[in-house]
There are 2 protein chains.
Amino acid sequence: MLSKNQIKKIRGLQLKKNRQAEGLFLVEGAKILEELLATANTEDWVGTYQIDKLWITEQFASKNKRQLDALSTLAWELADEQSLIQAGTLQSNNAGIATIRFLKPSLSKSTQLIEKEGLTLVLDDLKDPGNLGTIIRLADWYGIKQLFCSPETVDCFNPKVVAASMGSLFRVQIQYCDLSNFLAQYKNKIPIYAAVLKGQNVHHTPMAAQGLLLIGSESHGVNPDLLPLVDVPLTIPRFGKAESLNAAIATAILIDNWRKGV
Amino acid sequence: MLSKNQIKKIRGLQLKKNRQAEGLFLVEGAKILEELLATANTEDWVGTYQIDKLWITEQFASKNKRQLDALSTLAWELADEQSLIQAGTLQSNNAGIATIRFLKPSLSKSTQLIEKEGLTLVLDDLKDPGNLGTIIRLADWYGIKQLFCSPETVDCFNPKVVAASMGSLFRVQIQYCDLSNFLAQYKNKIPIYAAVLKGQNVHHTPMAAQGLLLIGSESHGVNPDLLPLVDVPLTIPRFGKAESLNAAIATAILIDNWRKGV
């Protein structure tokens, strides 16, 4: 059962400063916990995550007995719905809560993979948690393994991002770093694409099999400091009158064009 | 100034039954009001909408004086922020509120246009207001003029849909009708495409210049009763492990593939 202290500790993980101090984040609800059990320790599982602890209802435990048994080292306990609701952010939760430990990935190891891995996404100051969660899911759909974010981008362990990512968070490695230094490493190695308002029509621009795709927020676009590092500015052609597309929609269209072409 | 009765009447428009009884919907905030003033009475303006009344702050009135003067028949009044917040759904509103009268479009007139107009979107039971608003914006971006929705689809005049559509609502005609009867009219005339889980790969399927694209919800997909009417089931190819894509993201990718091909 969840003690008062445990409830307090888990509630604390709704705040970024506590997640960073503890090195833990929180996932909750049936759908994402089922994805967690299915993904943990498989080859898809982000190598720097470890399940810390799991509190689940009897109902969820009996429904997922086989997966729980398969994860032999997993520490789990039963909990009642009322405590799960108190500890988490959901209005109802008849499944459970897990806390996940995240270790700092090795930036140098991750960056070595970029030149072999197809397209890698780079997000500049995306503030909306729903958009980030949707982009993580998109990356997972299209087989993109890594996502690099500017320090000002919303924290990927924010409960709203976790919810919107629907389990794809467990399969896509996400790192925060200074984007100028990061992009500069790849200049003249692999092409750096960016979504901008007045660039080349993505329908008529062939894209390379390996590359970086930089996305800014809908309201501010890509930071002007980063533009000199961009090799190919890309634009989604507009046929009507809408002023802009949101960042997740634009990302979807650009990734799909890349996949279609390579 | 907004009277207590007016505030009450506008507040009532947050509910669908009142919108339908009054034939009015509500728009609020600077961005969408500026789009309203820029679009009203232009050739893009949905022909069945009329601005009923506008309450705006002095600040918004002076910033948009030219557009207000240009709409000579427009009835507008000054209002203070406090009343605007009381009447509307926004937590802050230093711009204004408008009520818009919507007349029932002629279904027969609209359907005549479909065979000439490129792609037309057909939405089956989409419940999420953010998704519908995003799809209206997408339609507007790609120059799609009409959207047909099943009666169970969220109301397009719901304040959250209006906000997410960001003014594109004024340029895209939206109608609700029984989709079986609606689609049956086009059988063997123009192709009926649908987004499904196991269809033809959209990257390798040429699409016709004129057609209908049917989209279901992420969780339920297209209603099985409608599938016999579909000519070409389309699927976005998956390269990774995410289980599904949300309806707005899938719509974006399919429309973009259509536009790229024709």
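Residues numbered from 1 in each chain as written. Chains lettered and ligands numbered in written order. Predicted model: local features only at pLDDT ≥ 70, side-chain atom pairs only at ≥ 80, totals over all residues. Heavy atoms only, no water.

### Let's talk about the sheet that holds strand E5 (residues 119-124) of chain A
As a general point, the strands of a sheet are linked pairwise by backbone hydrogen bonds and lie either parallel or antiparallel.
Residues and elements named next belong to chain A.
Next, step 1: The sheet built from six strands is open, its strands ordered E7-E6-E5-E9-E8-E10 with parallel pairing. Taken across any chain shown, the strands that pair with only one partner, and hence form the sheet edges, are strand E7 (173-176) and strand E10 (232-235). Sheet twist, expressed as the mean angle between neighbouring strand axes with direction ignored, is 35°.
Next, step 2: In this structure, strand E6 (residues 146-149) lies alongside E7, joined through four bridges in parallel fashion. (Pairing = 2+ DSSP bridges. Helix = DSSP H or I, 4+ residues; strand = E, 2+ residues; numbered from the N terminus. Axes fitted to C-alpha atoms, helices over the stretch in contact; angles between N-to-C directions.)

### Observations regarding the environment of Ala 163 of chain B
Next, step 1: Looking at the secondary structure, you find Ala 163 of chain B in helix H9 (residues 159-165).
Next, step 2: Ala 163 of chain B sits 30 residues away from Gly 133 of chain B along the chain, and the two C-alpha atoms are 7.3 Å apart.

### Describing the confidence of the model for chain A
When pLDDT drops low, the exact placement of atoms in the prediction is not to be read closely.
Next, step 1: Per-residue pLDDT for chain A has a mean of 95; in total, 100% of the residues score no lower than 70.
Next, step 2: Predicted complex, confidence summary: ipTM 0.95, pTM 0.95. (pLDDT = per-residue confidence, 0-100.)

### Concerning the environment of Asn 158 of chain A
Residues and elements named next belong to chain A.
Next, step 1: Relative to the elements of secondary structure, Asn 158 occurs in the loop between E6 and helix H9 (159-165).
Next, step 2: As a C-alpha pair, Asn 158 and Leu 213 span 55 residues in sequence and 23 Å in three-dimensional space.
Next, step 3: Of note is the side chain of Asn 158, whose polar atom sits 2.7 Å from the backbone nitrogen of Lys 160. (Polar contact = N/O pair within 3.5 Å; in protein donor to acceptor, adjacent residues only side chain to side chain.)

### Looking at the packing of helix H11 (residues 247-261) of chain A against helix H11 (residues 247-261) of chain B
Next, step 1: Contact pair H11 of chain A / H11 of chain B: the axes reach a minimum separation of 9 Å and the direction vectors enclose 50°. Viewed along their axes, H11 of chain A and H11 of chain B adopt a mutual orientation that is oblique. For the element pair H11 of chain A and H11 of chain B, the recorded crossing hand is right-handed. Across the interface between the two elements, Ala 248, Ile 249, Ala 252, Ile 253, Asp 256, Asn 257 and Lys 260 of chain A of H11 of chain A pack against Ala 248, Ile 249, Ala 252, Ile 253, Asp 256, Asn 257 and Lys 260 of chain B of H11 of chain B.
Next, step 2: Of the residues belonging to the contact of H11 of chain A with H11 of chain B, the class tally is eight nonpolar, two polar and four charged. (Parallel < 35°, antiparallel > 145°, perpendicular 65-115°, else oblique. Left-handed = near helix turned anticlockwise from the far one by under 90°. Contact = heavy atoms within 4.5 Å. Nonpolar A, V, L, I, M, F, W, Y, C, P; charged D, E, K, R; others polar.)

### Some details on the pairing of strand E4 (residues 96-102) of chain A
Each regular strand shows side chains that alternate between the opposite faces of the sheet.
Residue and element names in this part refer to chain A.
Next, step 1: Counting buried residues along E4, six of its seven residues qualify, which places the element largely inside the surrounding structure.
Next, step 2: Summarising the sheet, strand E2 (residues 49-56) and E4 pair through seven bridges and their orientation is antiparallel. Within the sheet, the bridge partner assigned to Ile 56 lies in E4 and is Gly 96. (Buried < 20%, exposed > 50% of the residue type's maximum accessible area, 1.4 Å probe, protein only.)

### Notes on the relation of the copies chain A and chain B
Next, step 1: Each copy superposes on the other: chain A lies on chain B with an RMSD of 0.0 Å after a rotation of 180° and an axial shift of 0.0 Å. Interpreted geometrically, this transformation is the action of a two-fold axis.
Next, step 2: A share of 100% of the interface residues of chain A reappears at the interface of chain B, consistent with the copies meeting face to face through the same patch. (Least-squares fit on C-alpha atoms with pLDDT ≥ 70 in both.)

### Regarding the packing of aromatic side chains
All names here are of chain A.
Next, step 1: All told, the structure shown has 20 aromatic pairs over all chains when counted by the stated rule.
Next, step 2: Judged by centre distance (6.2 Å) and plane angle (45°), the ring pair of Phe 25 and Phe 102 falls under tilted. Here Phe 25, found in strand E1 (residues 24-28), pairs with Phe 102, found in strand E4; they are 77 residues apart in sequence, far enough to count as distant. Here Phe 25 and Phe 102 have matching classes, each one buried.
Next, step 3: Members of the aromatic cluster, connected to one another through ring pairs, are Phe 25, Trp 45, Tyr 49, Phe 102, Phe 157 and Phe 170. (Phe/Tyr/Trp six-rings, centres within 6.5 Å; stacked < 30°, edge-to-face > 60°.)

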